[in-house]
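What the coordinates show
Spelled out, the chains give:
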Amino acid sequence: MMGKPITGRSFGGCIRYVVNKPESKILSVEGVRMQNAAAIIQDFNLQRKMWPELGKAVGHLVLNWSKEDLRKLSDDIMVERAKEYMEKVGVRDTQYVIFRHSDRAHPHLHLVYNRVDNNGKTISDKNNFAKNVKACKEITRKYGYHIGEGKDLVNRQVLKGKEKTRYELYDAIKAGMKTATTWKQLEAQLARQGITIAYKFRSGTNEVQGISFAKDNIKMKGSAIDRSLSFARIDATLNRNQQVQQYHAAREANQPFVANQLRESIRQSVQAEYIHNPSVGKGILEVLLKPQFVAGPPDPMSDADIARRKRKKHETEHSQSQGISR
């Protein structure tokens, strides 16, 4: 099971999207009328008025399962899993609607909830994506849902020909993307392994439109090797690596304001990319979400400490005067 949490501003746009999908089915509601989309939107907006300053009051979650899990997932079970997920991530005591969609081969549902709860308080979205990953892993393991075999688990030794080269390119590019902060650095790392990069430019401009990699006279588009290896995705990763490097430098230089700005920029970048690739930025998130020690001001001395220090000073001065008089 994989989740994709989203926050937004418009209940109208979100509800109309999930309601108007072909074969959309309402599985469960809490705190809203379910006669039609207009009634649902009106009830959500009525409650959000208890905290009008909260711009992004729309909580929207997409829960996806593998198609291998289809026989395990009745409507009632999907509702139970959605409620279990909400409890794990702290979405409680608020309005929500759960929809099941059938427009994809894999089973999935949409959960729309109000980030202004029934008491007028805000449901936090802090560390939303880290909490999502943890909850999905726990539920997947608990109920034995299918875990897809990613490229990292494929046995390279049995591959031959073009498919072998494809995985060699994948492994080399992914390894380079972990440390490179610029395209020149990535090019240099790949060149040492006999891999070259070719850029495709938009006609009459210097704008890069696509990218290809070549090894042993076999050339492949980045997106054909893996969807995460398109020019845009790689470029975003290199920019993030550069920001992480700058973030650490700012912390070492004791520049908290700069470090916090970089931290927020990296967090937003990881969240945006996570929508397309839930495995992205795991190491980066661990760095950013790691508690940081901040030294506080020294504890003020108590009256007893002050008296003790004065007494010690007096005794020292008295001893010195006795020694001089002798």
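For the structure itself, look to the data block above.
Residues numbered from 1 in each chain as written. Predicted model: local features only at pLDDT ≥ 70, side-chain atom pairs only at ≥ 80, totals over all residues. Heavy atoms only, no water.

Regarding helix α1 (residues 11-20)
Which entries qualify depends on this criterion: Burial classes follow relative accessibility: with a 1.4 Å probe on protein chains only, a residue under 20% of its type's maximum area counts as buried, one over 50% as exposed, and anything between as partly exposed. Comment: elements are numbered from the N terminus, with helices defined as DSSP H or I runs of at least four residues and strands as E runs of at least two. Regarding the arc, it is the one traced by the directions from the helix axis to the C-beta atoms. Think of a polar contact as two N or O atoms within 3.5 Å of one another; within protein, one of them needs to be a possible hydrogen donor and the other a possible acceptor, and neighboring residues in sequence only count if both atoms come from side chains.
Taken residue by residue, α1 has Phe 11, Gly 12, Cys 14, Ile 15 and Val 18 as its buried positions. Buried residues in α1, looked at end-on, bunch into an arc of 165 degrees, giving them a common side. If you check the start of α1, you find a side-chain oxygen 3.3 Å away from the backbone N of Gly 12, and it comes from Ser 10.

Describing the pairing of strand β4 (residues 96-101)
Defined as follows: For two strands to be treated as a pair, DSSP must find no fewer than two bridges joining them.
For β4, a buried count of six out of six residues is recorded, marking the element as mostly surrounded by other parts of the structure. Residues Tyr 96, Ile 98 and Arg 100 line one face of β4 and the alternating positions Val 97, Phe 99 and His 101 line the opposite face, and both faces are buried. Both strand β2 (residues 25-30) and β4 contribute to a ladder of five bridges, which runs antiparallel. The partner of Val 29 across the bridge, within β4, is Val 97. With six bridges joining them, β4 and strand β5 (residues 108-114) adopt antiparallel strand pairing. By the bridge assignment, Phe 99 is partnered in β5 with His 110. Hairpin connection, β4 to β5: the antiparallel pair is bridged by six residues.

A look at the packing of helix α3 (residues 75-89) against helix α4 (residues 128-143)
Defined as follows: As a rule, the C-alpha atoms of each element are fitted with a line to give its axis, helices using only the stretch in contact, and angles between N-to-C directions run from 0 to 180 degrees. The scheme is simple: roughly parallel for angles under 35 degrees, roughly antiparallel for over 145, roughly perpendicular for 65 to 115, oblique for anything else. The sense of a crossing depends on the near helix, which, turned anticlockwise from the far helix by less than a right angle, makes the crossing left-handed and, turned clockwise, makes it right-handed. What makes two residues a contact is simply this: any of their non-hydrogen atoms within 4.5 Å. Ten residues, namely Ala, Val, Leu, Ile, Met, Phe, Trp, Tyr, Cys and Pro, are considered nonpolar, four, namely Asp, Glu, Lys and Arg, are considered charged, and the remaining ones, Gly among them, are considered polar.
Where α3 meets α4, the closest approach of the two axes is 9 Å, and the angle between their N-to-C directions is 135 degrees. Compared by their axis directions, α3 and α4 come out oblique. For the pair α3 and α4, the sense of crossing is right-handed. Residues Arg 81, Glu 84, Tyr 85, Lys 88 and Val 89 of α3 lie in contact with α4, whose contacting residues are Lys 131, Asn 132, Ala 135, Cys 136, Glu 138, Ile 139, Lys 142 and Tyr 143. For the contact of α3 with α4, the residue count by class is six nonpolar, one polar and six charged.

Some thoughts on helix α6 (residues 183-191)
For α6, the complete set of buried residues consists of Trp 183, Leu 186 and Leu 190. All buried residues of α6 lie within an arc of 60 degrees about the axis, which places them on one face of the element. Buried residues along α6 sit in contact with α5 (161-179), β6 (196-201), β7 (208-215) and α8 (231-252).

Thoughts on the packing of aromatic side chains
Worth spelling out the cut-off: In this scheme Phe, Tyr and Trp rings, the latter by its six-membered ring, pair at centre separations within 6.5 Å, and the angle between planes marks the pair as stacked below 30 degrees, edge-to-face above 60, and tilted otherwise.
Under the definition given, this model contains five aromatic pairs. With a centroid separation of 6.2 Å and 80 degrees between ring planes, the pair formed by Trp 65 and Tyr 145 is classed as edge-to-face. Here the residue Trp 65 occupies a position in the loop between β3 (58-64) and α3, and Tyr 145 occupies one in the loop between α4 and α5, the gap between them amounting to 80 residues. Tyr 145 sits in the buried class, given a relative accessible area of 5%. Relative to Phe 231, the ring of Trp 183 lies with its centre 5.0 Å away and its plane at 10 degrees, an arrangement referred to as stacked. With Trp 183 in helix α6 and Phe 231 in helix α8, this pair connects stretches of sequence that are 48 residues apart. Among the aromatic residues, ring-to-ring pairing joins Trp 65, Tyr 143 and Tyr 145 into one connected group.

So far we have only geometry, and geometry alone does not tell us how the molecule works.
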